[in-house]
Amino acid sequence: MGDSQDDTGHDRPVPDILSQIKDSYHELRPAERRVADVVLAEVTFAVDASNAEIARRADVSEPTVTRFCRAIGCDGVRDFKLKLAQSVVVGRLYLATMPRPPEPTQNGVPLWNEVFGEIRGALERVERQIDPEAVLQAAELIAGAHQVSVFGLGGSSSALAQETQYRLFRYGVVVTAHSDPYVMRMTASTLRPDDVVIAISATGRTREVIDAVELAKQYRAQTICITAPDTDLTRICDVRLTVDIPEYPDTMKPTASRFAFLTIIDLISAATGYRLDASARETLRRIKFNVVNHRKGRELEPLGD
């Protein structure tokens with residue numbers, strides 16, 4: 001169910017009607033609160049039920065249901081049901097009542113088992129699914145690039161793009177990470193055939209990233225993607241580093257795919273370092289020399305931490 005458009009042709013965001021109900025709850029009349037209680041207790045019922053059924057369950061009159069809809073900013077019952085249906089489509093997983101997991105014991109179980117299990121599962125999937133030849137192809141492109149631009153948008157992919165920059169610059173690669181859609185487009189417009197783009201997207205459907213990659217390809221830059229298999233992004237990139245990581249239905253746990261993507265980033269970074277060999281070692285030596293002189297430490301500590 002897509003967004004509607006305003007007079008200028010721009011998409012209007014779908015209103016979060018559930019938040020509107022919760023935020024205005026204490027401003028409602030007592031009878032209207034009973035309607036709100038019915039809706040919040042079983043959203044899917046409220047979407048499918050008639051006005052009379054909602055009124056009967058809330059023990060109010062049908063006009064009270066209509067007044068409730070207007071009190072929370074809707075034009076009427078029909079408008080309310082439409083917005084409520086949109087909220088269910090967007091957030092069904094978060095509305096489900098899931099059994100509360102047992103509290104962690106002194107040794108962390110079962111929380112430890114669930115979180116570490118997800119991480120181990122993600123790493124095992126990368127090991128099984130990633131194509132070693134594609135990793136080496138990506139390293140070849142990066143090692144020979146005049147400059148590398150990394151594109152990632154959103155809470156996870158933007159952080160992964162930044163991590164890619166941190167991994168590669170210490171080998172002497174000229175690399176910058178971008179997570180602003182307009183900067184990505186502007187950067188893509190400046191690229192040339194000896195430049196490389198690394199695009200990161202958990203879904204492979206992020207339109208702003210895809211648009212930036214398509215622009216870069218217009219100017220004949222080489223493109224690498226780290227994403228899910230068989231997506232819009234994979235179909236336009238020269239080298240595809242893909243892994244299928246199903247998300248665990250427990251919405252409280254961090255996404256497991258970022259561990260898989262971090263592993264892929266480490267694979268292509270290490271392969272790039274070995275490909276550059278002597279020049280990469282010299283850059284690493286210079287970084288280590290200046291870091292250790294800045295703050296005393298041991299030789300085998302994380303580089304630059």
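The paragraphs below set out a description of the structure included in this document. (Residues numbered from 1 in each chain as written. Predicted model: local features only at pLDDT ≥ 70, side-chain atom pairs only at ≥ 80, totals over all residues. Heavy atoms only, no water.)

1. Comments concerning the packing of helix H2 (residues 30–41) against helix H4 (residues 51–58)
Line of reasoning, step 1. At their nearest, the axes of H2 and H4 sit 9 Å apart, and the two run at 105° to each other. It follows that H2 is roughly perpendicular to H4 by the angle criterion. Of the residues in H4, those touching H2 at Arg34, Val35 and Val38 are Ile54, Arg57 and Ala58.
Line of reasoning, step 2. Along the lines of polarity and charge, the residues of the contact of H2 with H4 split into four nonpolar, no polar and two charged. (Axes fitted to C-alpha atoms, helices over the stretch in contact; angles between N-to-C directions. Helix = DSSP H or I, 4+ residues; strand = E, 2+ residues; numbered from the N terminus. Parallel < 35°, antiparallel > 145°, perpendicular 65-115°, else oblique. Contact = heavy atoms within 4.5 Å. Nonpolar A, V, L, I, M, F, W, Y, C, P; charged D, E, K, R; others polar.)

2. Here we look at unusual backbone geometry
Line of reasoning, step 1. Even without a glycine there, the phi angle at Asp230 is positive, about 55°.
Line of reasoning, step 2. By the secondary structure assignment, Asp230 is in the loop between strand E4 (222–227) and strand E5 (239–242).
Line of reasoning, step 3. By relative accessible area, which is 65% here, Asp230 ends up exposed. (Buried < 20%, exposed > 50% of the residue type's maximum accessible area, 1.4 Å probe, protein only.)

3. Quick look at the sheet that holds E5
Line of reasoning, step 1. Read across the sheet, five strands follow the order E2-E1-E3-E4-E5 without closing on themselves; strand pairing throughout is parallel. For this open sheet the edge positions go to strand E2 (175–178) and E5, each flanked by a neighbour on one side alone. Within the sheet, the average angular offset between the axes of one strand and its neighbour, ignoring direction, is 15°.
Line of reasoning, step 2. Across four bridges, the pairing between strand E1 (residues 148–152) and E2 is parallel. The residue bridging Ser149 from the neighbouring strand is Thr176, located in E2.
Line of reasoning, step 3. Packing against the sheet, helix H12 (residues 257–276) makes contact with strand E3 (196–201), E4 and E5, and its axis sits at approximately 145° to E4. (Pairing = 2+ DSSP bridges.)

4. Some points on the nonpolar core
As a rule of thumb, nonpolar side chains are buried together in soluble globular proteins.
Line of reasoning, step 1. Core analysis: the largest hydrophobic core is formed by 36 residues, its most contacted members being Ile198, Ile200, Ile226 and Leu241.
Line of reasoning, step 2. Among the elements that line this core, the one with the most residues is H12, at seven residues.
Line of reasoning, step 3. Sequence-distant contacts of Ile200, defined by excluding residues within four places in its chain, comprise Val150, Phe151, Gly152, Ser157, Leu160, Ala161, Thr164, Ile226, Phe261 and Ile265.
Line of reasoning, step 4. The next biggest cluster of nonpolar side chains, apart from the first, holds 26 residues, and it includes Val35, Phe45, Ala49 and Ile72. (Core = buried A, V, L, I, M, F, W, Y, C linked by side-chain atoms within 4.5 Å.)

5. Here's the deal with the layout of surface pockets
Line of reasoning, step 1. Estimates place the volume of the second largest pocket at around 260 Å³.
Line of reasoning, step 2. For the second largest pocket, the lining is made up of 13 residues, of which Tyr171, Ala270, Gly273, Tyr274 and Leu284 are closest to its centre.
Line of reasoning, step 3. Contributions of two or more residues to the lining of the second largest pocket are made by H12 and helix H13 (278–294).
Line of reasoning, step 4. Counting residues per element, the lining of the second largest pocket draws most heavily on H12, which supplies five residues. (1 Å grid on protein atoms, 1.4 Å probe; cavity = no way out; pocket = protein on both sides within 12 Å on 5 of 7 lines; lining within 4 Å. Points joined across faces, edges and corners; volume = space filled by probe spheres on them.)

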